[in-house]
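Spelled out, the chains give:
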Amino acid sequence: MSAVEIAAAVRSGQQSARSAVEECLSVIEEGDAEVHAFNLVTAAQARTRADEIDAAVADGRDPGPLAGVPVALKDNLCTRGVPTTCSSRILEGWEPPYDATVVEKLHNAGAIVVGKTNMDEFAMGSSTENSAFGPTRNPCDPNRVPGGSSGGSAAAVAAGFASIALGSDTGGSIRQPAALCGVVGVKPTYGLVSRFGLVAFASSLDQIGPFTTTVADSAAVLDVISGPDHRDSTSIRDSLPPVTDTLDDGVDGLRVGVLAELSGDGIAPDVSARLRAAIDALESAGARVAEASVPAAVFGLSAYYLIAPAEASSNLARYDGVRYGLRMDASNTPDMNTATRSAGFGDEVKRRIMIGTYALSAGYYDAYYGKAQKVRTLIINDFASVWEQFDLLVSPTSPTTAFSLGERTADPMAMYMSDVCTVPVNLTGQTAMSVPYGVGDDGLPVGVQVMAPALGESVMFRAAAVLEASLR
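Residues numbered from 1 in each chain as written. Predicted model: local features only at pLDDT ≥ 70, side-chain atom pairs only at ≥ 80, totals over all residues. Heavy atoms only, no water.

So, the overall build of the protein
Stage number 1. A count of helices and strands for the protein gives 15 helices and 11 strands.
Stage number 2. Expected size for 472 residues packed as a compact globule is a radius of gyration near 23 Å; at 21 Å, the protein falls within 12% of this value.
Stage number 3. Expressed along its principal axes, the backbone C-alpha trace of the protein runs to roughly 65 × 55 × 45 Å.
Stage number 4. Taking the contacts inside the protein whose residues are at least 6 apart along the sequence as the reference set, 76% of them involve residues at least 24 apart.
Stage number 5. If you sum the accessible surface of the protein, you get close to 17200 Å²; carbon and sulfur atoms cover 51% of it. (Helix = DSSP H or I, 4+ residues; strand = E, 2+ residues; numbered from the N terminus. Rg over C-alpha atoms; globule rule 2.2 N^0.38 Å. Contact = heavy atoms within 4.5 Å. Areas by Shrake-Rupley, 256 points an atom, 1.4 Å probe, with all protein chains shown as cover.)

So this is what it looks like as structure tokens:
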């Protein structure tokens, strides 16, 4: 059953929330030993919450639009009294004293948290192999990666461990694993979903969004978690009209651009073939499709891998052995700081902190970080121009299907190229989502990326629904 169907059944009394949770926990127990989607399963709390939902239904109270729906949370979303580790030894065992805003909103909507999912440490990675607690495997093929950094969340939904999962997307960390695992993944407009309670990686790029098995489920989740929040200074103050209201409006007459810079060289032939099939489906539904160009998008990866590490260098300075988590003993404070960070951070996190610190250092700021921000502005301006001609843009989500575990761990540049199609949208703040669209030559899922201008979620979801329906 989809999340929307579970919620309808629970609200009507046709199914109990407890039975929905028990079924979910049973599937996790049977399958997660191989997949390792979860860092922590909160079975006792989930059962208690399910009983509260069932009591509300019995009393005639409305428990919310996601009543009884099991949800998994990426382990960088704060949960009161429940460990939030970011898959890092430096935060192992830390229990936040508050819930993230999105966690509060899911709770108020009746959803039931069943656990915290594995991820690349501090969301730095594209394969979920950088976790301090071991890699997550792709449920479609356990010898392949699930993508990253939200690989645990994507795998949880793909494996049927939860109907909904939340992840964070800094450079493609929702969309890329969604594509590799064959589920829907949404990166909302920057500021549409509150980041309060999200452990920061790169604050000008991070955004929280859902994974689901259907487009309608993602729309329902986005309607719940979006909206203004005074605790997040970057939160957009105006609420977006419900996406679910226009989900079935189709694409007739919409102008759709195929983004040339993200659809040519470097894209595997089988992925390109699925993109062409998606384009044909949109045209058959009445969309007007043409090639689009955002010239500066080719610099997206270079700009991203200066801006994101620079912001990470600042954000991760707080992990000093004093205020949070791990603390290593030493004879003085500087040595304690050094020992704690050396033992607590993994190799990829250390690599990005050093890159970011270097890019921000005196004498190099203008040459690296400053120049990257200028390139970001060029990308924003080029997208602004293309939005004058098109309502939507499409491209592959990932250049390839899921690659083998260990295949790219020794080559950071090869790993970074996994994000080439997704990072431009984070730099601009606009919205995008990955829609599963068949399989490649190896039988593994392929995702098509649908992009829209800022606050263009409604029209984006209309196209996603058309693509989904065309495969039925």
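As for the packing of helix α9 (residues 300-315) against helix α12 (residues 366-387)
Stage number 1. Where α9 meets α12, the closest approach of the two axes is 9 Å, and the angle between their N-to-C directions is 130°. With respect to their mutual orientation, α9 and α12 come out oblique. The handedness of the crossing between α9 and α12 is left-handed. From α9, Gly300, Ala303, Leu306, Ile307, Ala310 and Glu311 reach across to α12, where they touch Tyr368, Tyr369, Ala372, Gln373, Val375, Arg376 and Ile379. (Axes fitted to C-alpha atoms, helices over the stretch in contact; angles between N-to-C directions. Parallel < 35°, antiparallel > 145°, perpendicular 65-115°, else oblique. Left-handed = near helix turned anticlockwise from the far one by under 90°.)

Some points on the environment of valine 186
Stage number 1. Looking at the element boundaries, valine 186 is found in strand β5 (residues 184-187).
Stage number 2. Along the sequence, valine 186 and leucine 467 sit 281 residues apart, while their C-alpha atoms lie 15 Å from each other.
Stage number 3. Discounting residues that sit within four places of it in the chain, valine 186 has contacts with Ile174, Gly209, Pro210, Ser218, Ala432, Met433, Met460 and Phe461.

Describing the pattern of salt bridges
Any two side chains of opposite charge can pair if their charged atoms end up close together.
Stage number 1. Using the criterion set out here, one finds 19 salt bridges in the structure.
Stage number 2. Residues arginine 49 and glutamate 52 are paired through a salt bridge, measuring 3.1 Å at the closest nitrogen-oxygen approach. Of this pair, arginine 49 and glutamate 52 both sit in helix α3 (residues 43-58), separated by three residues, roughly a single helical turn.
Stage number 3. The exposure class assigned to arginine 49 is buried, which follows from its relative accessible area of 16%.
Stage number 4. The shortest N-O distance in the salt bridge between glutamate 92 and arginine 89 comes to 3.0 Å.
Stage number 5. Note on glutamate 92: relative accessible area 43%, which makes it partly exposed.
Stage number 6. Judged by relative accessible area, which is 35%, arginine 89 ranks as partly exposed. (Salt bridge = Lys/Arg side-chain N within 4 Å of Asp/Glu carboxyl O. Buried < 20%, exposed > 50% of the residue type's maximum accessible area, 1.4 Å probe, protein only.)

Let's talk about the sheet that holds strand β7 (residues 255-259)
Across a sheet, strands are paired by hydrogen bonds formed along the backbone, either parallel or antiparallel in direction.
Stage number 1. Spatially, the 11 strands line up as an open sheet ordered β1-β3-β2-β4-β6-β5-β10-β11-β9-β7-β8, and their pairing is mixed. Of all the strands in the sheet, the pair left with one neighbour each is β1 (38-41) and β8 (288-292). The mean inter-strand angle of the sheet, taken between neighbouring strand axes irrespective of direction, is 25°.
Stage number 2. By the bridge criterion, three bridges tie strand β2 (residues 70-74) to strand β4 (residues 164-168) in an arrangement that is parallel. Considered in β4, the bridge of leucine 73 is made with leucine 166. (Pairing = 2+ DSSP bridges.)

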